[in-house]
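Here is how the chains run, residue by residue.
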Amino acid sequence: MVLLVVMGVSGSGKSTVGSHLAAKLGWKFYDADDYHPTENTKKMAQGIPLNDQDRIPWLCKLHDILMREESAGQSVILACSALKKMYRRILVSGEDAVYSKSDQLDSATGKVLFIHLDGSMELIASRLEKRRGHFMAPELLQSQFDTLEPPSAPENFITLNSLVRSEAFFLQPY
Ligand SMILES: Nc1ncnc2c1ncn2[C@@H]1O[C@H](COP(=O)(O)OP(=O)(O)OP(=O)(O)O)[C@@H](O)[C@H]1O
Ligand SMILES: O=C(O)[C@H](O)[C@@H](O)[C@H](O)[C@H](O)CO
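Because the structure is predicted, anything quoted here is derived from the model rather than measured. (Residues numbered from 1 in each chain as written. Chains lettered and ligands numbered in written order. Predicted model: local features only at pLDDT ≥ 70, side-chain atom pairs only at ≥ 80, totals over all residues. Heavy atoms only, no water.)

Enquirer: Please explain the site of ligand 1 as it appears in this structure.
Expert: Every one of the 14 residues lining ligand 1 counts as a neighbour, but S10, K14, S15, T16 and R131 are closest to it. Here an oxygen atom of ligand 1 and a side-chain polar atom of T16 are 2.5 Å apart. Separating an oxygen atom of ligand 1 from a side-chain N or O atom of R131 is a distance of 2.8 Å. Among the elements that take part in the shell around ligand 1, helix α1 (residues 14-25) stands out by supplying three residues, more than any other. Considering only residue class, the shell around ligand 1 consists of two nonpolar, eight polar and four charged. (Near = heavy atom within 4 Å. Polar contact = N/O pair within 3.5 Å; in protein donor to acceptor, adjacent residues only side chain to side chain. Helix = DSSP H or I, 4+ residues; strand = E, 2+ residues; numbered from the N terminus. Nonpolar A, V, L, I, M, F, W, Y, C, P; charged D, E, K, R; others polar.)

Take a look at the structure:
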């Protein structure tokens, strides 16, 4: 049983790569975008970046989903921006991560593998310009990069270039 989170800034390819990979592996797929409260979606559509207060309850909900699937023995892929280290700790450990020191929770980090899709602002901006029918305002990209804290040790992560072709992904089911 594997819990995978495909993370990165808006437009890095989380939904595309994550859903493709889940279909290929026969795992369940969740898109964090589907779990935002309406207020968050409205804010983003108006070009207003989300803050910690907007994101924390949403991340706690996503943590609950991951834990439910873990209890059921179900491997899952979640596409979620997870921009800050604290946000990733909430996904792994729930609301406790908001209040406790990071090293108190480090033993739990191995529960979830984060795949960071890393790409240049130029590449991702060109994708967002072409994308249609999505609520996210493309002008929020700068704030997404400003907020991003790329994962680092002792987090459990791998970094892939956003140019990765989802069909070429190498993971096999196990
Ligand atoms: N590897 C890729 N090569 C070329 N285009 C891609 C690739 N991955 C994604 N795209 C395109 O880039 C755009 C953004 O991709 P996608 O919606 O998957 O990103 P995202 O990270 O889920 O964005 P958001 O967080 O805003 O929902 C889409 O139009 C998608 O078709
Ligand atoms: O943390 C965030 O700011 C949000 O998750 C955004 O990244 C959006 O949900 C998404 O990426 C837009 O499509």
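Anyway, onward from the coordinates.
Enquirer: Help me understand the packing of helix α3 (residues 52-71) against helix α4 (residues 85-93) in this model?
Expert: In a packed pair of helices, the relevant descriptors are the angle between the two axes and the axis-to-axis distance. Across the interface, α3 lies against α4 with an axial gap of 7 Å and an inter-helix angle of 30°. Judged by the sense of rotation from one axis to the other, the crossing of α3 with α4 is right-handed. Residues D52, R55, I56, L59, C60, L62, H63, L66 and M67 of α3 touch α4, and the partners they reach there are M86, Y87, I90, L91, V92 and S93. Here the residues of the contact of α3 with α4 sort into 11 nonpolar, two polar and two charged. (Axes fitted to C-alpha atoms, helices over the stretch in contact; angles between N-to-C directions. Left-handed = near helix turned anticlockwise from the far one by under 90°. Contact = heavy atoms within 4.5 Å.)

Enquirer: Explain the nonpolar core here, please?
Expert: One broad rule of soluble globular proteins: the nonpolar side chains tend to lie buried together. Core analysis: the biggest nonpolar cluster contains 31 residues, and V5, L62, L78, C80, L91 and F114 have the highest contact counts within it. For this core, the elements supplying multiple residues, two or more each, are β1 (3-7), α3, β3 (76-79), α4 and α6 (121-130). The leading source of residues in this core is α3, at eight residues. Apart from the residues lying within four places of it in its own chain, the contact partners of F114 are V5, M7, A82, R88, L91, V92, N156, F157 and I158. Within the second largest apolar cluster, 12 residues are counted, among which are V2, L4, W27 and L160. (Core = buried A, V, L, I, M, F, W, Y, C linked by side-chain atoms within 4.5 Å. Buried < 20%, exposed > 50% of the residue type's maximum accessible area, 1.4 Å probe, protein only.)

Enquirer: Hey, could you run me through the pattern of salt bridges in this one?
Expert: Pairs may arise between side chains of opposite charge once their charged atoms sit close together. Scanning the model with the defined rule gives six salt bridges in all. Taking the shortest distance from any N to any O, the salt bridge between D52 and K84 comes out at 2.9 Å. Here D52, found in helix α3, pairs with K84, found in the loop between β3 and α4; they are 32 residues apart in sequence, far enough to count as distant. Given a relative accessible area of 21%, K84 falls into the partly exposed group. Ionic pairing is found between R88 and E155, a salt bridge with its closest N-O pair at 2.6 Å. Here R88, found in helix α4, pairs with E155, found in the loop between α7 (141-147) and β5 (157-161); they are 67 residues apart in sequence, far enough to count as distant. Like R88, the residue E155 is buried in the burial classification. Through salt bridges with shared partners, one network takes in K28, R68 and E69. (Salt bridge = Lys/Arg side-chain N within 4 Å of Asp/Glu carboxyl O.)

Enquirer: Looking at this structure, I do not really get the site of ligand 2. What am I missing?
Expert: If you check the shell around ligand 2, you find S10, K14, D33, H36, M44, R55, W58, S81, H134, F135, M136 and Q144 and nothing else. The side chain of H36 places a nitrogen or oxygen atom 2.8 Å from an oxygen atom of ligand 2. R55 is positioned with one of its side-chain polar atoms (N or O) 2.8 Å from an oxygen atom of ligand 2. Across the complex, the protein chains shield 97% of the 330 Å² of accessible surface that ligand 2 would expose by itself. In the shell around ligand 2, the residues fall into four nonpolar, five polar and three charged. (Areas by Shrake-Rupley, 256 points an atom, 1.4 Å probe, with all protein chains shown as cover.)

Enquirer: It is not clear to me how the sheet that holds strand β4 (residues 113-118) should be interpreted in this structure. Could you clarify?
Expert: Picture the strands of a sheet paired through backbone hydrogen bonds; they go either parallel or antiparallel. Pairing within the open sheet is parallel, and its five strands lie in the order β2-β3-β1-β4-β5. Looking at the sheet topology across the chains shown, the edges are occupied by β2 (28-31) and β5. Sheet twist, expressed as the mean angle between neighbouring strand axes with direction ignored, is 20°. (Pairing = 2+ DSSP bridges.)

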